[in-house]
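# Coordinate inspection notes
The lines below spell out each chain.
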Amino acid sequence: SPAATTRLALAPLAALAGQPDARRWLLRSQFLPKTMEHFAAAVGKRDAQRQVAAIRALADVAGGGGDDGRREVLRAGGGELVQLILEVLASAGVAGHRINDDEDDDIDVILKLPGLAADAPKNSVFQTQLPIAALEALLLLRNLCFHTEAKAHVTANPRALDALVAAAGASDPGARAAAADALLALTHNGQRIATLLRKGRRPARLRRFASRASKAVAAGTSGRANADVHAAKCLDVLVREVLRVGDAGDDAFGHSPDSTLLDISEADDLRGIGREPSDGLAIGPAWVR
């Protein structure tokens, strides 16, 4: 079926996750396993439009369904879901491998995962707008990272952590904000993740990205102020409170590592945090899209 038809079929069912009475039945049904099958097939065929349809459905459940929705999406997808998300990101050139060991280059160059998406562009991370499938994949991963079970899946696949670190340095403000939000959520009561983020050149990269994000806020030229501010705030907290490698940027951003850990289905609208997009296609901050 055409991708638009697929989306029309998946969206109303996924939206039921936002209704407490309907959520229980949705999560007990075969909706999530079938959506996972559809997602895997779309990735295998490199069908970006169908990838978006499946990712948005999963993101709807992981967002609107609250903690129960996130848990069931993780259990239905498991490590396979994380790997599929990485493949979508890799197809847009977003991953965490260095081109060489030069300190000035490795924090700026994003390469595709080896053996995946051989035709992936290597410079998507420098574009002002990531491909929509990659942005939706980051949003889905961000939603899932607010569940405690996500930590095990990320630690089991170090490339997931590297991809999030890489995306935190993206030129796309929405991608940068979603990735930074995910990293901050993972480090909440996640000492293992925090320890991994302190290894290798991840601290240097994140500090550089935090400084760059702070400068983006000061410049105010992206036209997406909420995304710029949120990314800078999250990265500042990561560097100061989690990595503890010194001041990242401006003191205008909060210092509590819990300051952005709001349930996206219940949080008040504070600087765009917790606000759902008006079209309802993907639960998450409005500024991501």
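Residues numbered from 1 in each chain as written. Predicted model: local features only at pLDDT ≥ 70, side-chain atom pairs only at ≥ 80, totals over all residues. Heavy atoms only, no water.

As a further point, take the overall build of the chain. What the chain contains, in helices and strands, is 13 helices and zero strands. Along its sequence from the N terminus, the chain presents helices and strands in the succession α-α-α-α-α-α-α-α-α-α-α-α-α. The buried share of the chain, taken over its 289 residues, is 54%. Pairs at least 24 residues apart make up 68% of the contacts formed inside the chain by residues separated by at least 6 positions. When the accessible surface of the chain is summed, it comes to about 12,000 Å², and 50% of that surface belongs to carbon and sulfur atoms. (Helix = DSSP H or I, 4+ residues; strand = E, 2+ residues; numbered from the N terminus. Buried < 20%, exposed > 50% of the residue type's maximum accessible area, 1.4 Å probe, protein only. Contact = heavy atoms within 4.5 Å. Areas by Shrake-Rupley, 256 points an atom, 1.4 Å probe, with all protein chains shown as cover.)

Two elements in contact, helix α3 (residues 31–44) and helix α4 (residues 48–64), have axes separated by 8 Å at closest approach and are oriented at 150°. If you check the angle between α3 and α4, you find them roughly antiparallel. In this structure, α3 crosses over α4, and the sense of that crossing is left-handed. Taken together, the residues of α4 that come into contact with α3 (itself represented by F31, L32, T35, M36, H38, F39, A42 and V43) are R50, Q51, A54, I55, A57, L58 and V61. (Axes fitted to C-alpha atoms, helices over the stretch in contact; angles between N-to-C directions. Parallel < 35°, antiparallel > 145°, perpendicular 65-115°, else oblique. Left-handed = near helix turned anticlockwise from the far one by under 90°.)

Before going further, it helps to spend a moment on the environment of S91. Its location among the elements puts S91 in helix α5 (residues 66–91). Residues S91 and A134 lie 43 residues apart in sequence; the distance between their C-alpha atoms is 7.9 Å.

For the rest of this paragraph, the subject is the confidence of the model for the chain. Averaged over every residue, the pLDDT of the chain is 76; residues scoring 70 or more account for 73%. Across the chain, α3 holds the top mean pLDDT of 96, while helix α6 (residues 103–106) sits lowest at 38. Low pLDDT, under 50, characterises residues 98–126; the stretch is placed with 69 contacts to residues that sit more than four places away or in other chains. Here residues 248–289 is modelled with pLDDT under 50, and outside its nearest four sequence neighbours on either side it reaches 118 contacts, counting other chains as well. (pLDDT = per-residue confidence, 0-100.)

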